[in-house]
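Coordinates in review
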Amino acid sequence: MHDGPHPATEADEAPAPAPDGVRTAAPDRGDVPTVAGGRGTGTPDGGWSIDSRCVNCDVARQLAPDLIREADGRSELVRQPRDPGETRQLHAAALACPTRSIRPAGGRLAAVPDPFPLALNDSVLLCGHNSPQTAGANSYLLRRPSGGAMMIDTPRWSGALGARYAALGPVTDVLLTHRDHAKHGRRWADHLGARLWIHEGDLDAAPDADRVLRGTDPVEIGEGVTAYPLPGHTRGSVLFLADGLHCFSGDSLYWSRGAADLAVTESVTFHSIEELGASLARTAHRLRFEWLLPGHGDRKRLPAGEMAQRLNRLTARVGRLRPRPVDFSAVRW
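So, here is what we can say about the structure in this document. (Residues numbered from 1 in each chain as written. Predicted model: local features only at pLDDT ≥ 70, side-chain atom pairs only at ≥ 80, totals over all residues. Heavy atoms only, no water.)

**So, the overall build of the protein**
The condition that has to hold: Helix and strand labels come from DSSP, where a helix needs a run of H or I of at least four residues and a strand needs a run of E of at least two; each type is numbered from the N terminus. Exposure is judged per residue with a 1.4 Å probe applied to protein chains only, and the accessible area is read against the type maximum: over 50% gives exposed, under 20% gives buried, and values in between give partly exposed. Whether two residues touch is decided by their heavy atoms; if any such pair falls within 4.5 Å, the residues are in contact. A 1.4 Å probe and the Shrake-Rupley method give the accessible areas. Residues count as covered only by the protein chains that appear here.
Of regular secondary structure, the protein possesses seven helices and 21 strands. Counting across all 333 residues of the protein, residues that qualify as buried make up 55%. Intrachain contacts of the protein at a sequence separation of at least 6 include 60% that bridge at least 24 residues. On the protein, roughly 13,700 Å² of surface is accessible, and the fraction owed to carbon and sulfur atoms is 50%.

Right under this line is the structure:
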């Protein structure tokens, strides 16, 4: 479904306004990008840089963990790349960053080879091009045995990206994990000729969805793909399980590099952390998978047995949590 890097386009570069409730830094045209280690201050000979529009979404650190770190609530470049492999990591990080804060020497992304969609395994591709209007969420393509694919959440929208994905082959369904990731769903579904799915609890974010999930019982929505309603992060949050291998968890749970374990964003729960605990208690024992593929937070592959044990322990921890004010700065990736 992907035949090599594409050149980035000017249409792909332009960031859009962030959704209500998402922490952002307004672009400052006088900003000087920062580079760790004293190598330049964003001048053409200063190499790669990260500017202060960064909103600490963690996307870039997932793609270039040895080159980008968190410092003072934002991403910071540790050092310049040392080989072509590390340069490719920065290409991916730059084109996934929702604020387009990561820039090569000269500042322009148009010449950066675009690796997306990026294969994570034989069945799943990472879409990249994360949108500020979906809080910088990761999105995925899931290949199906029929030769088609499903899109789980969506990248930002542009005509160039739309044409690229349409050329990859049929996409039958666009699956929205919850309301925060719904902004581009209808446009992608229409462009791809796909059905748009959302849960009734978040239906006001996509009122023209083609398929509406209801209640809390699991529903098989395609061969090998089951939707598990998981209210908590939002009222209509859904987890999608595919082929007993892949768990597309939206913002319900993720892999924390800092804790080296499964985690929930307890400080960014818009509906009810107590209901999330109840949802996990009702659902965790039914889930068997190796790959955790969240919207926010890191991805992880573990043996299914170990993943199940960690999920059970997470369920117990979340069951003890109590409501707290929403605080984006308290998230620990």
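There's plenty left to go through after this.
**Observations regarding helix 3 (residues 84–96)**
Because an α-helix completes one turn every 3.6 residues, residues spaced three or four positions apart along the sequence face the same direction. The line we're drawing: To estimate how far a helix should extend, the number of its residues minus one is multiplied by 1.5 Å. Whenever two N or O atoms come within 3.5 Å, that pair is a polar contact, provided that in protein one can donate a hydrogen and the other can accept it, and provided that, for residues adjacent in sequence, both atoms are side-chain atoms.
Here helix 3 is 13 residues long and its end C-alpha atoms lie 18 Å apart, about the 18 Å a rise of 1.5 Å per residue gives. Those residues of helix 3 that fall on the buried side of the exposure criterion are Glu-86, Leu-90, His-91, Ala-92, Ala-93, Ala-94, Leu-95 and Ala-96. Where helix 3 is buried, its residues meet helix 2 (59–63), strand 3 (68–71), strand 4 (74–77), strand 5 (102–103) and strand 6 (113–114). Two or three places before Gly-85, at the start of helix 3, stands the capping residue Asp-83, its side-chain oxygen 3.0 Å from that residue's backbone nitrogen.

**Notes on the sheet that holds strand 21 (residues 300–301)**
Applicable threshold: Note on pairing: two strands pair once DSSP finds at least 2 bridges between them.
If you walk across this open sheet you meet the six strands as 14-15-16-17-20-21, and the pairing is mixed. A strand with exactly one partner marks an edge of an open sheet, and here the two such strands are strand 14 (219–222) and strand 21. Summarising the sheet, strand 14 and strand 15 (residues 225–229) pair through three bridges and their orientation is antiparallel. Looking across to strand 15, one finds that Glu-220 is bridged to Thr-226.

**Here we look at the environment of Ala-259**
Note that Ala-259 resides in the loop between strand 18 (254–256) and strand 19 (261–263). When its relative accessible area of 52% is taken as the criterion, Ala-259 is described as exposed. Separated by 73 residues in the primary sequence, Ala-259 and Arg-332 place their C-alpha atoms 8.4 Å from one another.

**Remarks on the packing of aromatic side chains**
Heads up, the condition is: Aromatic rings from Phe, Tyr and Trp, with only the six-membered ring used for Trp, were paired whenever their centres fell within 6.5 Å, and each pair was classed as stacked if the ring planes differed by under 30 degrees, edge-to-face if by over 60, and tilted otherwise.
On inspection of all chains with the given rule, the structure shows four aromatic pairs. For the ring pair Tyr-165 and Trp-188, a centre distance of 5.4 Å and an interplane angle of 80 degrees mean the geometry is edge-to-face. Taken as a pair, Tyr-165 in helix 4 (residues 159–166) and Trp-188 in helix 5 (residues 185–192) lie far apart in primary sequence, 23 residues in all. Judged by relative accessible area, Tyr-165 falls into the buried class, the value being 1%.

**Let's talk about the pairing of strand 17 (residues 246–250)**
Burial of strand 17 is extensive: five of the five residues sit out of reach of the surface. The alternating pattern of strand 17 places His-246, Phe-248 and Gly-250 and Cys-247 and Ser-249 on opposite faces, both of which are buried. Sheet topology places strand 16 (residues 238–242) next to strand 17; three bridges connect them, and they run antiparallel. Counted as the bridge partner of Leu-241 is Cys-247 from strand 17. Across four bridges, strand 17 lies against strand 20 (residues 291–294) in parallel orientation. For Cys-247, the partnering residue across the bridge sits in strand 20 and is Leu-292.

**Examining the sheet that holds strand 7 (residues 118–119)**
Taking strand neighbours across the sheet as the criterion, the seven strands line up as 7-8-9-10-11-12-13 in an open arrangement whose pairing is mixed. Each edge of the sheet is formed by a strand with only one pairing partner; in this case those strands are strand 7 and strand 13 (211–213).

So yeah, pure geometry; function would need other evidence.
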